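What follows is the residue order along each chain.
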Amino acid sequence: MVFKRREKLGWAAWIREMVYPRGGFKRATRYVIHRMRRVPDTPHRVARGIFAGCLVGFLPLPGLQFVGAWLAARLVRGNILAALLGTFNTNPLTTPFFAVLAMTLGHWIMGIQAPLNADYIASAFAHAGADLWFNVKAIFGPETARWGGLKQFWHEIYVPYFIGALLPGIVLSAIAYWLTIPLVSAYQKARAAKAKDRHERRRKIKAALTEAAHRLAHPRETAAGDDSRPGEP
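What comes next is a walk through the structure. Only a predicted model underlies this, so the values are computations on that prediction, with no experimental measurement involved. (Residues numbered from 1 in each chain as written. Predicted model: local features only at pLDDT ≥ 70, side-chain atom pairs only at ≥ 80, totals over all residues. Heavy atoms only, no water.)

Its 70 residues give helix 8 (residues 148–217) an end-to-end C-alpha distance of only 91 Å, which falls more than 12% under 104 Å, the value for a rise of 1.5 Å per residue. Of all the bends in helix 8, the greatest, near 40 degrees, is centred on Trp154. (Helix = DSSP H or I, 4+ residues; strand = E, 2+ residues; numbered from the N terminus. Expected span 1.5 Å × (residues − 1). Bend = angle between axes of the 7 residues up to and from the residue.)

Here it is as structure tokens:
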């Protein structure tokens, strides 16, 4: 399996790996690229899968990125495994910066006049979380559900984030698409050439072993053949 580990990680180790991989982001990026190049499919299908996965990775879909990547890959007829790998384009260190950029762009597109700072965002999350917890308790009690904080979060945080992430997400995913095609194509050609060379070497070794075995099994025929070579007395 592609994502299966030999040793299972605990919760603390898993969270640490998500924030900062053990081998660093450079090694993690190289691993994803390596796995992407080895995907057994045509370069264009792999590239479409990477496009779908990268785009979904930029969107605010917590816990649903793999599902979204699968659906997007099916929609664009891309490679599903490449789409799943493409969702690793974001991480907890870079996501906050992209989120601020996306929400700023989304607020500008939607014409929302709100102070987009840490206090405002934290307050929106806090009110939405409080309303969500209150509504869960209201299911089992006499209280009436309240939606003010959730509506504010939806209209002023989530929807602007989603809309603002689409444009830069499409641009960056398109760049990844065009970079993937020559990368995968060159890798597959080099791998095919190496496989052809290995096959040719194995064929020659097999032929030599077969000839040697024939000589050992039929020494008289070999000797007679050597005596009848032209140009010898």
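There's plenty left to go through after this.
Before going further, it helps to examine the packing of helix 6 (residues 95–110) against helix 8. The interhelical angle for the contact between helix 6 and helix 8, taken along N-to-C directions, is 100 degrees, at an axis separation of 6 Å. Taken as axis vectors, helix 6 and helix 8 run roughly perpendicular relative to one another. Of the residues in helix 8, those in contact with Thr95, Phe98, Ala99, Ala102, Met103, Leu105, Gly106, His107, Ile109 and Met110 of helix 6 are His155, Glu156, Ile157, Val159, Pro160, Tyr161, Ile163, Gly164, Ala165, Leu167 and Pro168. (Axes fitted to C-alpha atoms, helices over the stretch in contact; angles between N-to-C directions. Parallel < 35°, antiparallel > 145°, perpendicular 65-115°, else oblique. Contact = heavy atoms within 4.5 Å.)

As a further point, take the packing of aromatic side chains. Throughout the structure, instances matching the rule amount to 6 aromatic pairs. The interplanar angle of 35 degrees and the centroid separation of 4.9 Å between the aromatic rings of Phe58 and Phe98 together place this pair among those described as tilted. Of the two residues, Phe58 is situated in helix 3 (residues 43–58) and Phe98 in helix 6; the sequence distance between them amounts to 40 residues. Taken individually, Phe58 and Phe98 each receive the classification buried, so the pair is uniform in this respect. Here the aromatic rings of Tyr177 and Trp178 are separated by 5.0 Å at their centres, their planes lie at 85 degrees, and the arrangement is edge-to-face. Ring-pair connections join several aromatic residues into one group, and the members of that group are Trp154, Tyr158 and Phe162. Above the plane of the ring of Phe134 lies Arg146, whose end atom (NZ or CZ) is 4.2 Å from the centre. (Phe/Tyr/Trp six-rings, centres within 6.5 Å; stacked < 30°, edge-to-face > 60°. Buried < 20%, exposed > 50% of the residue type's maximum accessible area, 1.4 Å probe, protein only. Lys NZ or Arg CZ within 6 Å of the ring centre and 35° of its normal.)

What follows deals with the packing of helix 3 against helix 4 (residues 65–76). Interhelical geometry of helix 3 versus helix 4 gives an angle of 140 degrees and a closest axis separation of 8 Å. Taken together, the axes of helix 3 and helix 4 are oblique relative to one another. Crossing angle aside, the handedness with which helix 3 passes helix 4 is right-handed. Only Gln65, Gly68, Ala69, Ala72, Ala73 and Val76 of helix 4 make contact with helix 3, whose side of the interface consists of Arg48, Ala52, Gly53, Val56 and Gly57. When its residues are assigned to classes, the contact of helix 3 with helix 4 shows 6 nonpolar, 4 polar and 1 charged. (Left-handed = near helix turned anticlockwise from the far one by under 90°. Nonpolar A, V, L, I, M, F, W, Y, C, P; charged D, E, K, R; others polar.)

Our focus in this paragraph is unusual backbone geometry. One non-glycine residue, Arg77, lies in the positive phi region at around 60 degrees. Mapped onto the elements of the fold, Arg77 is located in the loop between helix 4 and helix 5 (80–86).

Another aspect to go through is the pattern of salt bridges. Enumeration over the complete set of coordinates arrives at 2 salt bridges. Two residues, Asp131 and Arg146, come together in a salt bridge whose shortest N-O distance is 3.0 Å. Note that Asp131 is positioned in helix 7 (residues 118–139) and Arg146 in the loop between helix 7 and helix 8, a separation of 15 residues in sequence. The salt bridge involving Glu200 is made with Arg203; its shortest N-O contact spans 2.6 Å. On the criterion of helical spacing, the pair formed by Glu200 and Arg203 is a turn pair, its members being 3 residues apart in helix 8. (Salt bridge = Lys/Arg side-chain N within 4 Å of Asp/Glu carboxyl O.)

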